[in-house]
Amino acid sequence: MLGFRLLLIKILIISAICICKVTSTYSMTNDESDILHGEQKDNDEVPVLKGFENSELFPRPGVCGPISAKMFLNVYGGSEASLGDFTWLANLEYKTDDGDLEVACAGNIINKRYILTAAHCVTGEILIKKGQLVSVRVGDHNIDTAKDCNEYVCIDPPQYLGIEKVIAHENYRKVTGKRGSVNDIALLRVDRDIEYSKSVAPVCLPSVVPTLKPLEPGMKLTAAGWGHIGSRSYSPVKLTVSLPYVANENCTLSVDESHLCAGGRFREDTCSGDSGGGIFRLHHLELFQAPFIWIIEGIVSYGRGCGLEEPSVYTRVTSFMDWIQQNVLE
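Worth saying up front: this structure is predicted, and the values here are computed from it rather than measured.

Cut-offs used in this document
Residues numbered from 1 in each chain as written. Predicted model: local features only at pLDDT ≥ 70, side-chain atom pairs only at ≥ 80, totals over all residues. Heavy atoms only, no water. Pairing = 2+ DSSP bridges. Helix = DSSP H or I, 4+ residues; strand = E, 2+ residues; numbered from the N terminus. Axes fitted to C-alpha atoms, helices over the stretch in contact; angles between N-to-C directions. Disulfide = S-S within 2.5 Å. Buried < 20%, exposed > 50% of the residue type's maximum accessible area, 1.4 Å probe, protein only. 1 Å grid on protein atoms, 1.4 Å probe; cavity = no way out; pocket = protein on both sides within 12 Å on 5 of 7 lines; lining within 4 Å. Points joined across faces, edges and corners; volume = space filled by probe spheres on them. Nonpolar A, V, L, I, M, F, W, Y, C, P; charged D, E, K, R; others polar. Contact = heavy atoms within 4.5 Å. Core = buried A, V, L, I, M, F, W, Y, C linked by side-chain atoms within 4.5 Å. Phe/Tyr/Trp six-rings, centres within 6.5 Å; stacked < 30°, edge-to-face > 60°. Lys NZ or Arg CZ within 6 Å of the ring centre and 35° of its normal. Salt bridge = Lys/Arg side-chain N within 4 Å of Asp/Glu carboxyl O.

**Student:** A description of the sheet that holds strand E3 (residues 101-109) should follow, citing residues and the corresponding values.
**Tutor:** If you trace the 6 strands once around the closed barrel, you get E2-E3-E4-E9-E6-E5, paired in antiparallel fashion. In this sheet, neighbouring strand axes are inclined to one another by 45 degrees on average, regardless of whether the strands run parallel or antiparallel. Bridge analysis of strand E2 (residues 89-95) against strand E5 (residues 132-138) gives 6 bridges, and the strand direction is antiparallel. Following the sheet pairing, Glu93 is matched in E5 by Ser135.

**Student:** With reference to specific residues and values, describe the state of the cysteines.
**Tutor:** Applying the stated criterion to the full structure yields 4 disulfides. Across the disulfide from Cys64 sits Cys204; the S-S distance is 1.9 Å. For the disulfide bridge between Cys64 and Cys204, the dihedral angle about the S-S bond is near 85 degrees, and by the sign convention the bridge is right-handed. Of the two residues examined, Cys64 and Cys204, each falls in the buried class. With its sulfur 2.1 Å from that of its partner, Cys251 forms a disulfide with Cys261. Between Cys251 and Cys261 the disulfide shows an S-S torsion of about -80 degrees. By sign, it is left-handed. Of this pair, Cys251 sits in the loop between strand E11 (239-246) and strand E12 (259-263) while Cys261 sits in strand E12, and the two are 10 residues apart along the sequence. Each of the two residues, Cys251 as well as Cys261, counts as buried.

**Student:** So what's going on with empty space enclosed by the protein? Which residues, and what values?
**Tutor:** In this structure, the largest cavity occupies an estimated 30 Å³ of space. Lining the largest cavity we find Gly84, Asp85, Thr87, Gly139, Asp140, His141, Ile155, Ser199 and Lys238. Among the residues making up the lining of the largest cavity, the classes are represented as 1 nonpolar, 5 polar and 3 charged.

**Student:** Tell me about the environment of Pro206, and name the residues and values.
**Tutor:** Mapped onto the fold, Pro206 is located in the loop between strand E9 (186-190) and strand E10 (220-225). Sequence separation between Pro206 and Glu297 is 91 residues, and the spatial gap between their C-alpha atoms is 7.1 Å. Ignoring any residue separated from it by four or fewer positions in sequence, one finds Pro206 in contact with Leu212, Ile295, Ile296, Val317, Thr318 and Met321.

**Student:** How would you summarise the nonpolar core if you had to cite specific residues and measurements?
**Tutor:** Membership of the largest hydrophobic core comes to 56 residues, with the highest contact counts inside it found for Ile110, Leu116, Phe280 and Ile324. Put simply, the parts of the chain that give this core at least two residues each are E2, E3, strand E4 (114-117), E5, strand E6 (159-168), E9, strand E14 (292-302) and helix H4 (321-327). If one sorts the elements of this core by residue count, E14 sits on top with 5 residues. Leu215, Leu221, Leu243 and Tyr245 belong to the second-largest nonpolar core, a separate cluster that totals 11 residues.

**Student:** Explain the packing of aromatic side chains residue by residue, including any values.
**Tutor:** Here the structure, examined in full by the defined rule, presents 4 aromatic pairs. Centroid distance Phe86 to Trp88: 5.7 Å. Interplanar angle 80 degrees. Geometry classified as edge-to-face. Ring geometry for Trp88 versus Phe280: centroids 5.3 Å apart, planes at 70 degrees, classification edge-to-face. With a gap of 192 residues between them, Trp88 in the loop between strand E1 (79-80) and E2 and Phe280 in strand E13 (residues 278-284) connect regions that are remote in the sequence. Since its relative accessible area comes to 0%, Trp88 is described here as buried. On the basis of relative accessibility, which here comes to 0%, the residue Phe280 falls in the buried class. Each residue in the set Phe86, Trp88, Phe280 and Trp294 is aromatic and connected to the rest through ring pairs, giving one cluster. Directly above the aromatic system of Tyr196 lies the positively charged group of Lys112, at a separation of 5.1 Å from the ring centroid.

**Student:** Could you give an account of the pattern of salt bridges, with specific residues and numbers?
**Tutor:** Any two side chains of opposite charge can pair, on the condition that their charged atoms come close. In total, this model carries 9 salt bridges according to the counting rule given. The salt bridge partner of Glu164 is Arg113, with a shortest N-O separation of 3.1 Å. Note that Glu164 is positioned in strand E6 and Arg113 in the loop between E3 and E4, a separation of 51 residues in sequence. Residue classification places Arg113 among the buried residues on the basis of a relative accessible area of 17%. The structure contains a network of salt bridges with shared partners spanning Arg113, Glu164, Arg189 and Asp193.

**Student:** A description of the pairing of E2 should follow, citing residues and the corresponding values.
**Tutor:** For E2, the tally of buried residues reaches 6 of 7 residues, placing the bulk of the element in the interior. Taken together, the 7 bridges between E2 and E3 define a ladder with antiparallel strand orientation. Residue pairing in the sheet places Lys95 in a bridge with Leu101 of E3. Here E2 folds back onto E3 in antiparallel fashion, the turn holding 5 residues, of which Gly99 has a positive phi close to 90 degrees.

Shown next as structure tokens:
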């Protein structure tokens, strides 16, 4: 009995030391702990975590940018993403002259009603070639199958949403003499709330992380999507590829500072079909409950070929945060 009491006292002392080490760094409320574990009931009721008070319209870490359990075990030259990775990626569906639905662009969920994408996916030439943009599909992994499963689990079926409003940047334009464009950014407001789940969740915008440091040349970024893979015009499964950040002065295709460049490796790139999707940074939050999150840094815009050892160009999201906030409604 004496031995048992000594053991119990020892356990309590160790527990007290562990709790002190945790709570001395940051003391969380029950609501905040629920957020970080993805247990919020309604996005409108989510309390603001300390340090993330800058926006009520956009989800914060713990809700946005989740990482699947298999993330730590590469799109053109990439490999298949794990089931449940990049939960914010959306497929944009166009109605062809034959009445069929065709996926030709991607987008990124940023809250329950808005998809962030490229302006060239919602206006101009693509509507002539593909047809009217009519719907959005979220929560998919293999676009050729009705149900997505791995050896352990199946994810929920995709959600299909109509489009209530299309907002292309008012100054979007092609650049004369270049194959690119400027202000290539747009928002889609869907016709009802997106339901968050293990396979559907928003990406974090840079503005919700006040400690975010500037990108540096060579920094690893990650793109994901269903775009051209060389042998086929699209990949049936979601692919992901790591690409290095390239400074604009070393990127011949960039036009101004609102562009972000990445890539330059042979056969590793984003390609047609990935347009409107994103390139993301894995950020360490230094919060033990949610130590890593995905942040969207760029929107897939244009390039010269695919995987030809020349960096591709993305719309730099940080350059358009004011525009995004001005155009996103409650």
